[in-house]
Amino acid sequence: MSDDGAAGQNRPMAGIVTRLGAMLSLGVMFTFVKLAGQHGVHVTESLFYRQLTAMPLICFLIWRSQAGWPSIVSNKHRLHILRSLLGICAMGLNFWAMTLLPLADATTISFTVPIFATLFAALILREQVGIRRWSAILIGFVGVLIVVRPGGTLIPAFGAAVALAGALVTAGVTLVIRILGRTETSIVTIFWFSVYTLPALLICVILYGGGHDAQTWGFLLGIGIFGAVGQLCITQSLRYAPISTIVPMDYSALIWATLFGILIFGQYPGLSIWIGAPIIIGSGLFIAWREHVRAGKLTVAKVKPGA
């Protein structure tokens with residue numbers, strides 16, 4: 001992590017609590033996405049208000065950072081554009097999946113991102129992946145097969161395909177962000193993501209948007225507010241604690257997805273979710289742990305020659 005607050009990662013409990021708050025906020029946001037979709041809101045419209053509401057927050061964070069506005073200067077705009085294209089496609093697919101599937105099902109499938117990201121890192125970035133992580137990838141895919149149940153009828157095949165496509169593209173985004181992270185802070189990456197996506201989304205809103213009643217505008221406002229709060233909490237959690245400490249908290253999203261799905265939409269997770277979700281989550285946690293161990297070994301290897 002390259003943010004100027006990274007050096008102060010000595011408040012693990014604050015990081016954990018903040019990350020849990022982020023997952024709750026994003027759970028509420030996705031609930032509003034589903035409600036808006038049920039009221040005829042086009043996915044691109046939800047995306048637009050999500051990005052538009054986040055922009056003032058991003059500007060505030062840049063203003064508050066040590067480097068300030070000069071920090072947004074970048075010579076990596078090709079990568080920022082690629083990240084923006086992939087990012088908006090991933091967000092759109094994930095939003096769409098939430099409207100097509102029960103919240104718990106879509107959330108569970110989204111947990112495959114670390115599995116796909118590790119696979120892509122091995123195939124595209126040529127990162128060395130040992131037998132343990134390859135095993136975790138294979139086990140994770142077993143969990144996916146249990147959840148999706150090819151040929152089954154519990155989960156709509158099209159919705160599952162959209163959710164898996166969203167996870168695949170999101171994994172691609174993580175690779176681009178990993179490359180950008182060598183020179184750019186996360187705040188700057190998010191800033192250019194908003195800058196490059198808002199004009200295109202505005203055109204989509206003009207083409208596909210429409211008039212809404214007060215309740216539907218409330219849903220859109222909720223998407224923007226809780227999306228922005230979730231983004232703020234994610235960014236802040238990285239300033240409080242290392243990634244290896246807070247990433248396991250991301251899986252608490254399934255609790256909120258299940259709860260909101262039952263209370264608001266009357267959707268109860270099927271048996272395949274209860275069996276497949278722990279397998280997917282377990283493989284993701286193992287991959288995160290191995291990444292942490294690997295990063296520690298690389299750090300020690302770099303320090304030893306100069307000792």
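Going by the structure above, here's the rest.
Residue indices begin from 1 for each chain and proceed along its sequence in written order. In view of the model being predicted, local features appear only for residues whose pLDDT reaches at least 70, and side-chain atom pairs are presented and counted only at 80 or more, with totals across whole chains, interfaces and linings using the full set of residues. Calculation of side-chain values draws on the structure's entire complement of heavy atoms; hydrogens and water are dropped beforehand.

## Regarding the overall build of the protein
Piece 1. In this description a helix means any DSSP run of H or I spanning at least four residues, a strand means any run of E spanning at least two, and both kinds are numbered starting from the N terminus. The helix and strand inventory of the protein stands at 12 helices and zero strands.
Piece 2. Along the protein, from the amino end to the carboxyl end, the secondary structure elements read α-α-α-α-α-α-α-α-α-α-α-α.
Piece 3. For the protein, whose C-alpha radius of gyration is 19 Å, the value lies close to the compact-globule estimate of 19 Å for 307 residues.
Piece 4. A principal-axis box enclosing the C-alpha atoms of the protein has dimensions of 65 × 45 × 35 Å.
Piece 5. Whether two residues are in contact is decided by their heavy atoms, any of which lying within 4.5 Å being enough. Sequence separation of at least 24 residues holds for 90% of the intrachain contacts in the protein that already meet a minimum separation of 6.
Piece 6. Here, Shrake-Rupley sampling with a 1.4 Å probe gives the accessible areas, and only protein chains in the shown set may cover a residue. Counting every atom, the protein has about 14,900 Å² of accessible surface; 70% of that belongs to carbon and sulfur. Note on method: radius of gyration uses C-alpha positions; expected globular size equals 2.2 Å times residues raised to 0.38.

## What about the side chain of Thr 197?
Piece 1. Residue placement: Thr 197 occurs in helix α8 (residues 186–208).
Piece 2. The buried label goes to any residue with under 20% of its type's maximum accessible area, the exposed label to any with over 50%, and the partly exposed label to all in between, with areas taken from a 1.4 Å probe on protein chains only. On the basis of relative accessibility, which here comes to 4%, the residue Thr 197 falls in the buried class.
Piece 3. Residues adjacent in sequence count toward polar contacts only when both atoms are side-chain atoms; beyond that, a polar contact is any pair of N or O atoms within 3.5 Å, and within protein one must be able to donate a hydrogen and the other to accept it. At 3.0 Å, the side chain of Thr 197 forms a polar contact with the side chain of Gln 51.
Piece 4. Here Thr 197 is in contact with Gln 51, Ser 84 and Ile 88, once residues within four sequence places are set aside.

## A few points about the state of the cysteines
Piece 1. Whenever a pair of cysteine sulfur atoms sits within 2.5 Å, that pair is classed as a disulfide. Within the structure shown, the criterion is met by zero disulfides.
Piece 2. The thiol of Cys 59 is not disulfide-bonded; the next cysteine sulfur, from Cys 233, is found 18 Å away.
Piece 3. Overall, the relative accessible area of 23% leaves Cys 59 in the partly exposed class.
Piece 4. Unpaired in this structure, Cys 89 has its nearest cysteine sulfur neighbour in Cys 204, at a distance of 10 Å.

## As for the pattern of salt bridges
Piece 1. Any carboxyl oxygen of Asp or Glu that lies within 4 Å of a side-chain nitrogen of Lys or Arg is treated as forming a salt bridge with it. Applying the stated rule across the entire model yields one salt bridge.
Piece 2. We note a salt bridge from Arg 19 to Asp 250, for which the minimum N-O separation is 2.7 Å. On the criterion of sequence distance, the pair formed by Arg 19 in helix α1 (residues 12–38) and Asp 250 in the loop between α10 (243–246) and α11 (253–265) is long-range, its members being 231 residues apart. Both residues of the pair, Arg 19 and Asp 250, belong to the buried class.

## Describing the side chain of Arg 83
Piece 1. Mapped onto the secondary structure, Arg 83 falls in helix α3 (residues 77–100).
Piece 2. This count recognises Lys and Arg as positive and Asp and Glu as negative, with His and chain-terminal groups excluded. Notably, Arg 83 is buried but unbridged: the nearest opposite-charge side chain belongs to Glu 184, and the N-O separation is 10 Å.

## Overview of a nonpolar patch on the surface
Piece 1. Residues Leu 123, Ile 124, Ile 131 and Trp 134 make up a contiguous nonpolar surface patch of roughly 430 Å² in combined accessible area.
Piece 2. Along the chain, Ile 131 falls in helix α6 (residues 131–148).
Piece 3. Classification of Ile 131 as exposed rests on a relative accessible area of 65%. Nonpolar side chains (Val, Leu, Ile, Met, Phe, Trp, Tyr) are joined into patches within 5 Å and like charges within 9 Å, using only residues with over 30% relative accessible area and no salt bridge.

## A look at the packing of α1 against helix α9 (residues 214–240)
Each pair of packed helices gets described by two things: the angle between the helix axes and the distance between those axes.
Piece 1. Think of each axis as a best-fit line through the C-alpha atoms, taken over the contacting stretch in the case of a helix, with angles from 0 to 180 degrees between the N-to-C directions. Put simply, α1 and α9 touch, their axes get as near as 8 Å, and they point 160° apart. If you check the angle between α1 and α9, you find them roughly antiparallel. Crossing angle aside, the handedness with which α1 passes α9 is left-handed.
Piece 2. All amino acids are sorted into three groups, where Ala, Val, Leu, Ile, Met, Phe, Trp, Tyr, Cys and Pro are nonpolar, Asp, Glu, Lys and Arg are charged, and the leftover types, Gly among them, are polar. Among the residues forming the contact of α1 with α9, the class breakdown is 19 nonpolar, nine polar and one charged. The cut-offs work like this: below 35 degrees is roughly parallel, past 145 is roughly antiparallel, 65 to 115 is roughly perpendicular, and the gaps in between are oblique. In this scheme the handedness of a crossing depends on how the near helix is turned from the far one: anticlockwise by less than a right angle means left-handed, clockwise means right-handed.

## Quick look at the environment of Arg 133
Piece 1. Structurally, Arg 133 can be placed in helix α6.
Piece 2. Between the C-alpha atom of Arg 133 and that of Pro 12, which follows or precedes it by 121 residues, the distance is 26 Å.
Piece 3. Other than its neighbours up to four places away in sequence, Arg 133 contacts Thr 118, Gln 128, Phe 286, Ile 287, Arg 290, Glu 291 and Arg 294.

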